[in-house]
Amino acid sequence: GTARIGVTGLAVMGRNLARNFARNGLTVAVHNRTASRTRALVDDFGDEGSFVACESAEEFVAALERPRRLMIMVKAGDATDAVIEEFAPLLEEGDIVIDGGNAHFADTRRREKALRERGIHFVGVGVSGGEEGALNGPSIMPGGSAASYEALGPLLERIAARAPDGTPCVTHVGPDGAGHFVKMVHNGIEYADMQLIAEAYHLLRAVAGYSPARIAETFRTWNTGRLDSYLIEITAEVLAHTDAATGEPFVDVVADRAEQKGTGRWTVQTALDLGVPVSGIAEAVFARSLSGHAELRESSRGLPGPGPAALDEEAAARFADRVEQALYASKIVSYTQGFHQVRAGSEEYGWEVDPGAVAAIWRAGCIIRAAFLDRIREAYDTRPGLPSLLTDKLFREEIAAAQDDWREVVATAARQGVPTPGFSAALAYYDALRADRLPAALTQGQRDFFGAHTYRRTDREGAFHTLWAGDRSEVAAD
Ligand code: 2AM
């Protein structure tokens, strides 16, 4: 065969990735269960590059140069296993099967192991950037053997987004499920970013009294500073949009029930298993969930609470500046938590993920792309073993400068009854981590009281138990 890579599964993501490969000078074999899609691709876009249209699995496999690089772009789940089972018997040792779908990293680990035992490389690839990214340059997060990356990496570099400094947004994240894991955390961070932006909007609307158009202007201004990011940019677009049918701001005619496809939930579930406090991401998932509980919300409407108090123009402008500070500080916390999860996953599964490289490939192509990620890359490049982004010199200074405003915003929100779970959770995380002493000591006392769970002491080694029901003397519990 002569095709450098093959794509099977030609719904929009697969089709756009195949076109991206072809547009970048690679001969691409294309295949789909239903052959009409394959023909449509070549009919509609055949002039963009070199495609080899294949009707059967055998034809598809035969079209690929060796080692074969076969990319599966079907719906995550059973379809992926079905397609793997269909092709694996046709492949030879050293061939590479690539799953570019949104698989759970645990499935990717299982598939990688099963195929490795058959001498076939399996690469789970996180692809971010949606349909547009797939066509014009996504951020790509491949996980698999180093040998498979040698054969595949250069091709992925051709189609990846370019960071502002020109480097392609793809790196060998680590073995087996590392790529899909990192993609999952990316999505969790995306949820948190979106929630924080939504809270900023809500505060500007309810407390500062700004209109959606005015808030769009505010976000545009913020987008020229340190918050410069794709999500802030599109937020301004959405807020400036007017509904054609009613002439009302678009944001006022959209039902306020947020949906989710589940990768944010996976992030939080996995974080719970790993014992990583990703409170900002969790609050973002819960905020969407809460918004969808229509009956609960209906029956709770009118519960007592304060309403927002109107600010004059000058106070409103000052408050808006504070919200920018609160948003930025909370964003640092979200990323701190997300990168903690990446490190925890990496340690649990022995992936040796380079967090600086992850930040670098999120700089372009994906939904959370932002100038900010370059700062994170720098932080890890300066200190590869950095335990927490909060302890990076620059972030530490920025939070020091932002924190009075951050606290004021959270206090104002509480006083005026505006829910800010993201801002509040981020601040609580920050204050908990910097505390000398936590009330966890009391928690340990309670646990020892009702369940004899024992505790450790600050002044001596060992585990201890207090005879709460007896004379309350302390005994060694080892
Ligand atoms: P289809 O066009 O034949 O339906 C998104 O659903 C993509 O995944 C489509 O290209 C679809 O093929 C493909 N797909 C879904 N389930 C599949 C399966 N079990 N086997 C092969 N392809 C599948």
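Predicted, not measured: the structure shown is a model, and the values here were computed from it.

Participant: What is the right way to read the packing of aromatic side chains from this model?
Facilitator: When we look at a pair of aromatic rings, we describe it by the centre distance and by the angle of the planes. Per the stated rule, a full pass over the model turns up 15 aromatic pairs. Plain terms: the ring middles of Trp-406 and Tyr-430 are 5.6 Å apart, the flat faces sit at 45° to each other, and that makes the pair tilted. In this pair, Trp-406 sits in helix H18 (residues 393–416) while Tyr-430 sits in helix H19 (residues 421–434), placing the two residues 24 residues apart along the sequence. On the accessibility criterion, Trp-406 (0% relative accessible area) is buried.

Participant: Even after reading the chapter, I still don't get the nonpolar core, so can you show me in this structure?
Facilitator: In summary, soluble globular proteins display a tendency toward joint burial of nonpolar side chains. The biggest cluster of nonpolar side chains holds 85 residues, and the ones touching the most others in it are Phe-219, Trp-362, Ile-376, Trp-406 and Phe-423. Those residues within four positions of Trp-362 in sequence are excluded, and the remaining contacts are Ser-139, Met-141, Val-182, His-186, Ile-189, Phe-339, Ile-368, Arg-369, Ala-370 and Leu-373. Leu-26, Phe-45, Val-127 and Leu-156 belong to the second-largest nonpolar core, a separate cluster that totals 30 residues.

Participant: So what exactly am I meant to see when it comes to the pattern of salt bridges here?
Facilitator: Any two side chains of opposite charge can pair, on the condition that their charged atoms come close. Under the definition given, this model contains 36 salt bridges. Among the salt bridges present, the one from Arg-68 reaches Asp-95, with a minimum N-O distance of 2.7 Å. Pair noted here: Arg-68 is in the loop between helix H3 (57–62) and strand E4 (69–72) and Asp-95 is in the loop between helix H4 (78–87) and strand E5 (96–99), with a separation of 27 residues, a long-range link. By the burial criterion, Arg-68 is buried, and Asp-95 matches it. For Asp-193, the salt bridge is made with Lys-331, and the minimal N-O distance between the two is 3.3 Å.

Participant: Help me understand the UniProt feature "domain: 6-phosphogluconate dehydrogenase C-terminal" (unreviewed entry) in the protein chain, please; the structure alone is not making it clear to me.
Facilitator: The feature "domain: 6-phosphogluconate dehydrogenase C-terminal" (unreviewed entry), as given by UniProt, occupies residues 179–469 in the numbering adopted here. Spanning residues 179–469, this segment combines 66% helix with 2% strand, and its end C-alpha atoms are found 52 Å apart.

Participant: What is the right way to read the site of the ligand from this model?
Facilitator: Taken together, Gly-9, Leu-10, Ala-11, Asn-32, Arg-33, Thr-34, Arg-37, Val-74, Ala-79 and Val-83 make up the full set of residues near the ligand. In the model, an oxygen atom of the ligand is placed 2.4 Å from a nitrogen or oxygen of the Thr-34 side chain. At 2.6 Å from an oxygen atom of the ligand is found a side-chain nitrogen or oxygen belonging to Arg-37. When grouped by side-chain class, the residues that make up the shell around the ligand number five nonpolar, three polar and two charged.

Participant: Which parts of the structure should I look at to understand helix H1 (residues 12–23)?
Facilitator: One turn of an α-helix holds 3.6 residues; hence residues three or four places apart share an orientation. The terminal C-alpha atoms of H1 lie 16 Å apart, and with 12 residues this matches the ideal 16 Å at 1.5 Å per residue to within 8%. Regarding H1, the residues found buried are Gly-14, Asn-16, Leu-17, Ala-18, Arg-19, Asn-20, Phe-21 and Ala-22. Trailing H1 by a residue or two, Gly-25 shows a phi angle of about 90°, which is positive.

Participant: How should a nonpolar patch on the surface be read in this particular structure?
Facilitator: Together, Val-238, Phe-250, Val-253 and Val-254 give the surface a local cluster of nonpolar side chains, amounting to about 280 Å² of exposed area. Looking at where Val-238 falls in the secondary structure, it is placed in helix H10 (residues 230–240). We classify Val-238 as partly exposed; its relative accessible area is 38%.

Participant: Looking at this structure, I do not really get empty space enclosed by the protein. What am I missing?
Facilitator: Sizing a probe to match a water molecule and rolling it over the atoms shows the empty space that remains. A complete count under the given rule lists one cavity of 30 Å³ or more for this structure. What the largest cavity holds in volume is close to 80 Å³. Every residue lining the largest cavity is listed: Asp-193, Leu-196, Ile-197, Leu-227, Ser-229, Leu-231, Ile-232, Leu-327, Lys-331, Ile-367 and Ile-368. Of all the secondary-structure elements, those providing two or more residues to the lining of the largest cavity are helix H8 (178–206), H10 and helix H15 (313–349). For the lining of the largest cavity, a count of residues per class yields eight nonpolar, one polar and two charged.

Participant: Could you clarify how one ought to interpret the side chain of Gln-337 in this entry?
Facilitator: Within the secondary structure, Gln-337 sits in helix H15. Judged by relative accessible area, Gln-337 falls into the buried class, the value being 0%. Residue contacts for Gln-337: discarding those within four places in its chain leaves Val-276, Pro-277, Val-278, Ser-279, Gly-280, Ile-281 and Tyr-429.

Participant: Honestly, the environment of Asp-354 in this entry has me stumped. Any pointers?
Facilitator: On the secondary structure map, Asp-354 appears in the loop between H15 and helix H16 (355–361). The sequence separation of Asp-354 and His-172 amounts to 182 residues, and the corresponding C-alpha distance is 9.4 Å.

Participant: Explanation requested: the packing of H8 against helix H13 (residues 279–291) in the structure shown.
Facilitator: What describes two packed helices is the angle between their axes and the distance between those same axes. Across the interface, H8 lies against H13 with an axial gap of 8 Å and an inter-helix angle of 70°. When the axes of H8 and H13 are compared, the pair comes out roughly perpendicular. When the axes of H8 and H13 are compared, the crossing they make is left-handed. Contacts between H8 and H13 involve Gly-188, Ile-189, Tyr-191, Ala-192, Met-194 and Gln-195 from the first element and Gly-280, Ile-281, Ala-284, Val-285, Ala-287 and Arg-288 from the second.

Participant: What should I look at first to understand the layout of surface pockets in this one?
Facilitator: One number sums up the size of the largest pocket: a volume of about 2000 Å³. Of all the elements in the fold, those that place two or more residues in the lining of the largest pocket are H8, H10, helix H11 (250–253), H13 and helix H14 (294–300). Here the lining of the largest pocket takes nine residues from H8, the largest share from any one element. Counted by class, the lining of the largest pocket contains 24 nonpolar, eight polar and nine charged residues. The calculated volume of the second largest pocket comes to roughly 970 Å³. Every residue lining the second largest pocket is counted, 29 residues in all, and those nearest its centre are Met-13, Asn-102, Lys-183, Asn-187 and Lys-261.

Scoring rules and cut-offs
Residues numbered from 1 in each chain as written. Predicted model: local features only at pLDDT ≥ 70, side-chain atom pairs only at ≥ 80, totals over all residues. Heavy atoms only, no water. Phe/Tyr/Trp six-rings, centres within 6.5 Å; stacked < 30°, edge-to-face > 60°. Helix = DSSP H or I, 4+ residues; strand = E, 2+ residues; numbered from the N terminus. Buried < 20%, exposed > 50% of the residue type's maximum accessible area, 1.4 Å probe, protein only. Core = buried A, V, L, I, M, F, W, Y, C linked by side-chain atoms within 4.5 Å. Contact = heavy atoms within 4.5 Å. Salt bridge = Lys/Arg side-chain N within 4 Å of Asp/Glu carboxyl O. UniProt positions renumbered as here; feature names shortened; annotations may be inferred. Near = heavy atom within 4 Å. Polar contact = N/O pair within 3.5 Å; in protein donor to acceptor, adjacent residues only side chain to side chain. Nonpolar A, V, L, I, M, F, W, Y, C, P; charged D, E, K, R; others polar. Expected span 1.5 Å × (residues − 1). Patch = residues over 30% accessible without salt bridge, like charges linked within 9 Å, V, L, I, M, F, W, Y side chains within 5 Å. Areas by Shrake-Rupley, 256 points an atom, 1.4 Å probe, with all protein chains shown as cover. 1 Å grid on protein atoms, 1.4 Å probe; cavity = no way out; pocket = protein on both sides within 12 Å on 5 of 7 lines; lining within 4 Å. Points joined across faces, edges and corners; volume = space filled by probe spheres on them. Axes fitted to C-alpha atoms, helices over the stretch in contact; angles between N-to-C directions. Parallel < 35°, antiparallel > 145°, perpendicular 65-115°, else oblique. Left-handed = near helix turned anticlockwise from the far one by under 90°.

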